[in-house]
Amino acid sequence: MANKGETKCLKINNSLSITGISKIKRFIYNPKPGKHNKNTAISIGFVLKHILNLCDNTKEVKYIINNKEIIVDKKIVKKYNLPVGLYDIIEIPKLEKYYTLEYATNGAYVLKEIEKVDADYKICKIISKKIIKNGQIQLSTNDGRILITPNQAYKTSASIKLNLLENTIKEYFPLEKGRDVFVFAGKHVGQKGKIEDIKEGTMKRPTLIKLKANDIDFETIEKNIIVINWICDILC
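Residues numbered from 1 in each chain as written. Predicted model: local features only at pLDDT ≥ 70, side-chain atom pairs only at ≥ 80, totals over all residues. Heavy atoms only, no water.

*Asks:* Pulling in residues and values, what's your account of the sheet that holds strand S10 (residues 121-131)?
*Replies:* Across the sheet, 5 strands lie side by side as S12-S11-S10-S13-S14; this open sheet has antiparallel pairing. Whereas interior strands pair on both sides, the edge strands pair on one side only; in this sheet they are strand S12 (146-149) and strand S14 (168-173). Neighbouring strand axes in the sheet, compared pairwise and without regard to direction, differ in orientation by 40 degrees on average. As judged from the 5 bridges shared by S10 and strand S11 (residues 137-141), these two strands associate in the antiparallel manner. Of the residues in S11, the one forming a bridge with Ile131 is Ile137. (Pairing = 2+ DSSP bridges. Helix = DSSP H or I, 4+ residues; strand = E, 2+ residues; numbered from the N terminus. Axes fitted to C-alpha atoms, helices over the stretch in contact; angles between N-to-C directions.)

*Asks:* Talk me through the side chain of Thr149; I want residue IDs and the actual numbers.
*Replies:* Structurally, Thr149 can be placed in strand S12. Looking at Thr149, its side chain comes within polar contact range of the main-chain nitrogen of Asn151, at 3.1 Å. Beyond its immediate chain neighbours, meaning those up to four positions away, Thr149 contacts Gln136, Ile137, Leu139 and Tyr154. (Polar contact = N/O pair within 3.5 Å; in protein donor to acceptor, adjacent residues only side chain to side chain. Contact = heavy atoms within 4.5 Å.)

*Asks:* Requested: an account of the environment of Lys79, with residues and values cited.
*Replies:* Along the chain, Lys79 falls in the loop between strand S5 (75-76) and strand S6 (83-84). For Lys79, a relative accessible area of 49% translates into the label partly exposed. In this structure the C-alpha to C-alpha distance between Lys79 and Ile44, which are 35 residues apart in sequence, comes to 8.2 Å. Excluding its chain neighbours within four sequence positions, the residues that come into contact with Lys79 are Lys32, Ile44 and Ile65. (Buried < 20%, exposed > 50% of the residue type's maximum accessible area, 1.4 Å probe, protein only.)

*Asks:* Summarise the nonpolar core; cite the residues concerned and give the values.
*Replies:* With 42 residues, the main nonpolar core has Ile44, Val47, Leu48, Ile65, Ile70, Ile90 and Leu211 as its most contacted residues. It is helix H1 (residues 44-51) that provides the largest number of residues to this core, a total of 4 residues. In this view, Val47 contacts Ile42, Leu52, Asn53, Val84, Ile90 and Leu111; residues no more than four positions away in its chain are not counted. If you look at the next biggest cluster of nonpolar residues, it comprises 16 residues, including Cys124, Leu139, Tyr154 and Ile169. (Core = buried A, V, L, I, M, F, W, Y, C linked by side-chain atoms within 4.5 Å.)

*Asks:* Give me the lowdown on the sheet that holds strand S4 (residues 71-72), citing residues and values where you can.
*Replies:* What the 5 strands build is an open sheet, ordered S5-S4-S7-S8-S9; its pairing is antiparallel. Each end of this open sheet is capped by a strand with a single partner; those strands are S5 and strand S9 (109-113). In this fold H1 packs onto S4, strand S7 (89-92) and S9, with an angle of close to 80 degrees to the strand it touches most, S9.

*Asks:* Give a description of the packing of aromatic side chains that names residues and reports values.
*Replies:* For any two aromatic rings, the description comes down to two numbers: the centre-to-centre distance and the angle of the planes. All chains considered together, the criterion is met by 4 aromatic pairs. Seen from their ring centres, Tyr103 and Tyr109 are 4.3 Å apart, and the 20 degrees between their planes marks the pair as stacked. Here Tyr103 matches Tyr109 in class, with each residue buried. Both rings, one in Tyr154 and one in Tyr172, keep their centres 5.0 Å apart while their planes meet at 80 degrees; by these two values the pair is edge-to-face. (Phe/Tyr/Trp six-rings, centres within 6.5 Å; stacked < 30°, edge-to-face > 60°.)

*Asks:* Can you explain the pattern of salt bridges? Please cite residues and give values.
*Replies:* Applying the stated rule across the entire model yields 18 salt bridges. A salt bridge links Asp143 to Arg145; the nearest nitrogen and oxygen atoms lie 2.8 Å apart. As far as the burial class goes, Asp143 and Arg145 line up, both buried. Glu171 is the salt-bridge partner of Lys161, the closest N and O atoms lying 3.4 Å from each other. Within this pair, whereas Lys161 is found in strand S13 (residues 159-163), its partner Glu171 is found in strand S14, the two being separated by 10 residues in sequence. Per residue, the accessibility class of Lys161 equals that of Glu171, and both read buried. The structure contains a network of salt bridges with shared partners spanning Lys35, Asp73, Asp88, Lys122, Asp143 and Arg145. (Salt bridge = Lys/Arg side-chain N within 4 Å of Asp/Glu carboxyl O.)

*Asks:* An account of helix H2 (residues 58-66) is requested, with residue identities and associated values reported.
*Replies:* Taken together, the buried positions of H2 are Val61, Ile64 and Ile65. What you see down the axis of H2 is that its buried residues fit within an arc of 100 degrees, all on one side. Turned more than 90 degrees off the buried face of H2, the exposed positions are Lys59, Tyr63 and Asn66. The residue sitting at the N-terminus of H2 and contributing the capping side-chain oxygen is Asn57; that oxygen lies 3.2 Å from the backbone nitrogen of Lys59. Lys68, located one to two residues past H2, shows a positive phi value of around 55 degrees. (Arc of directions from axis to C-beta.)

That is the geometry; function is a separate question.
Dropping the structure here:
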């Protein structure tokens, strides 16, 4: 039996809330496997057609991609179903437009326009850390990156400001009281708040983060947040 191959379209009824698309549409582009989890990714073609409204159909989407007019995290996009996710940097040099992806309070992705100088950097969350050969530290981030560093001060659940041109760590944002964070999952998705308290987790209970946003206190679990304030505390 021949292989079926990848599915390039996804029925809207099977799509996630991150698309924020009307049910009037029947199909959307299915993001291919890549650096982001399928549950947290949308395709670059979806961004062009449904968020930026630069295209009316797939032919126009492919035309833009084939002309190498779209850059994601400093790499030219070659496939319209390339997955993109939280804080990815999307550049359209021809229009001199630069964006990053964030969540709205309804859980759908939105584009936030940024300055050209800010497009050289992105915020990533450290999701795992381990010691490898010669005592080097290997860090894995939420966008599928693997970074090697001799610095042992980096901790999981913290964030880094990554230089996309050099693929090096520019700044480090630990998870601690007083830090600003962005909530990207759960009941309070799309909100930005300040850490008031951290309740360490156990084998049975995840770490709880107490946040304050717009004079309202609430709690969420650590895996739902990413530290975003730009303060450097250690030498990178």
